[in-house]
Protein chains: 2
Amino acid sequence: MTLQDALLFANEAFYQAFSARDADALIELWDDQEECMCVHPGWNALFGVDAIIHSFESIFSGPAPPQIICHVANSTIMDGSGIVVCYEEIGAQVLVATNVFKQRGSKWLLVLHHAGPAQFLPKQTASEDDPRRAN
Amino acid sequence: MTLQDALLFANEAFYQAFSARDADALIELWDDQEECMCVHPGWNALFGVDAIIHSFESIFSGPAPPQIICHVANSTIMDGSGIVVCYEEIGAQVLVATNVFKQRGSKWLLVLHHAGPAQFLPKQTASEDDPRRAN
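Residues numbered from 1 in each chain as written. Chains lettered and ligands numbered in written order. Predicted model: local features only at pLDDT ≥ 70, side-chain atom pairs only at ≥ 80, totals over all residues. Heavy atoms only, no water.

Caption draft 1: Structural detail: the interface of chain A and chain B. Listed by partner, the interface residues are 36 residues for chain A and 36 residues for chain B. Note on chain A versus chain B: buried area summed over both sides is about 3,000 Å², and carbon and sulfur give 58% of it. In terms of surface lost to chain B, no three residues of chain A exceed Asn44, Met78 and His114 of chain A, which account for 20% of the buried area on that side. Viewed at the interface, chain B and chain A are joined by two salt bridges. The partner of Asp79 of chain A in a salt bridge is Lys102 of chain B, with the nearest N and O atoms 2.6 Å apart. Run the count over chain A and chain B and you get 13 residue pairs in polar contact (both at pLDDT 80 or more). Broken down by element, the residue count for the side of chain A that touches chain B peaks at six residues, all from strand 5 (residues 93-104) of chain A. (Contact = heavy atoms within 4.5 Å. Buried area = accessible area lost by both parts, 1.4 Å probe. Salt bridge = Lys/Arg side-chain N within 4 Å of Asp/Glu carboxyl O. Polar contact = N/O pair within 3.5 Å; in protein donor to acceptor, adjacent residues only side chain to side chain. Helix = DSSP H or I, 4+ residues; strand = E, 2+ residues; numbered from the N terminus.)

Next up, the structure:
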């Protein structure tokens, strides 16, 4: 598995844990050695893994816990940091998310998640021929 | 100037160029050696410095070009990458932004900007005593 495949795999694992409403799985995906940051759509920023996991637990236990599907993930890697920009389909709503990961050995751990409204769900990544295309 | 001060300085330079509607200054702040990404509030993601600068030129030439003030910048540095999460005051609107920078020598260059709606303008960063507090 290439480094970029591993990055997109980590990104996908985040959305699988989110869809499964699995806070225990989510905790494992965040880098508790870094000052992690998270911005849910329309929320203010949260800092630290504890606050972030607590926010996901609140979302999971809410009246309408979201089913979320990740689409069209573009990624870039810089010196042990990986950035993924992807789209989140939540029912009829489309969000765009930035997820930043830190490389720890062969794993990528989340350091930042920021999701906000998007215009529409695109069909493909920046380049049609881009091998990093997730879907 | 510490590395973190330089990072916050680069973040502030972005908002000064934005407020001054200075596309030429903005170009200098982006890292054209990386695959840069930009998400304006409610827009889809843009890729590449050319598309990003063009989008700012459109915003600057629009009927209501925004006056933007950056507040409460939290930052973290990982192996040559710097992440800043800050608030943007645009008239009565409050946005939260993630800005990711790449270290190039003594400079920090923008690689990603993602802005979306926030709940309210906070008075301070994650920690009151945090020396990284911008305001």
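There is more to say, and it comes next.
Caption draft 2: Fine view of the pairing of strand 4 (residues 81-90) of chain B. Residues and elements named next belong to chain B. Counting buried positions over the 10 residues of strand 4 gives nine, a clear majority of the element. Of the strand pairs in this sheet, strand 3 (residues 69-78) and strand 4 are connected by eight bridges, and their pairing is antiparallel. Note on strand 4: the bridge partner recorded for Ile77 is Gly82. With 10 bridges joining them, strand 4 and strand 5 (residues 93-104) adopt antiparallel strand pairing. (Buried < 20%, exposed > 50% of the residue type's maximum accessible area, 1.4 Å probe, protein only. Pairing = 2+ DSSP bridges.)

Caption draft 3: Main features of the pattern of salt bridges. Summed over the entire model, instances satisfying the criterion amount to eight salt bridges over all chains. Residues Arg104 of chain A and Glu34 of chain A are paired through a salt bridge, measuring 3.2 Å at the closest nitrogen-oxygen approach. Of the two residues, Arg104 of chain A is situated in strand 5 and Glu34 of chain A in the loop between helix 2 (23-29) and strand 1 (37-39); the sequence distance between them amounts to 70 residues. Where Arg104 of chain B meets Asp31 of chain B, a salt bridge forms, and the shortest distance between an N and an O atom there is 2.8 Å. Of the two residues, Arg104 of chain B is situated in strand 5 and Asp31 of chain B in the loop between helix 2 (23-29) and strand 1 (37-39); the sequence distance between them amounts to 73 residues. Relative accessible area serves as the criterion here: at 0%, Asp31 of chain B is assigned to the buried category.

Caption draft 4: Representation of the packing of helix 1 (residues 3-19) of chain B against helix 3 (residues 49-61) of chain B within the structure. Residue and element names in this part refer to chain B. Look at helix 1 against helix 3: their axes get within 10 Å of each other, and the N-to-C directions meet at 45 degrees. Classified by the angle between their axes, helix 1 and helix 3 sit oblique to one another. Contacts between helix 1 and helix 3 involve Phe14, Ala17 and Phe18 from the former and Phe56, Ile59 and Phe60 from the latter. For the contact of helix 1 with helix 3, the residue count by class is six nonpolar, no polar and no charged. (Axes fitted to C-alpha atoms, helices over the stretch in contact; angles between N-to-C directions. Parallel < 35°, antiparallel > 145°, perpendicular 65-115°, else oblique. Nonpolar A, V, L, I, M, F, W, Y, C, P; charged D, E, K, R; others polar.)

Caption draft 5: Seen up close, the pairing of strand 4 (residues 81-90) of chain A. Between strand 3 (residues 69-78) of chain A and strand 4 of chain A, which follow one another and run antiparallel, lie two residues, and Asp79 of chain A among them has a positive phi close to 45 degrees. Once strand 4 of chain A ends, the chain turns through two residues before running back antiparallel as strand 5 of chain A, passing Gly91 of chain A with a positive phi of about 60 degrees.

Caption draft 6: Representation of the environment of Phe120 of chain A in the model. Tracing the backbone through its elements, the reader meets Phe120 of chain A in the segment after strand 6 (107-117). Distance in space between the C-alpha atoms of Phe120 of chain A and Val96 of chain A is 9.1 Å, their sequence separation being 24 residues. Sequence-distant contacts of Phe120 of chain A, defined by excluding residues within four places in its chain, comprise Tyr87 and Val94 of chain A together with Asn44 of chain B.

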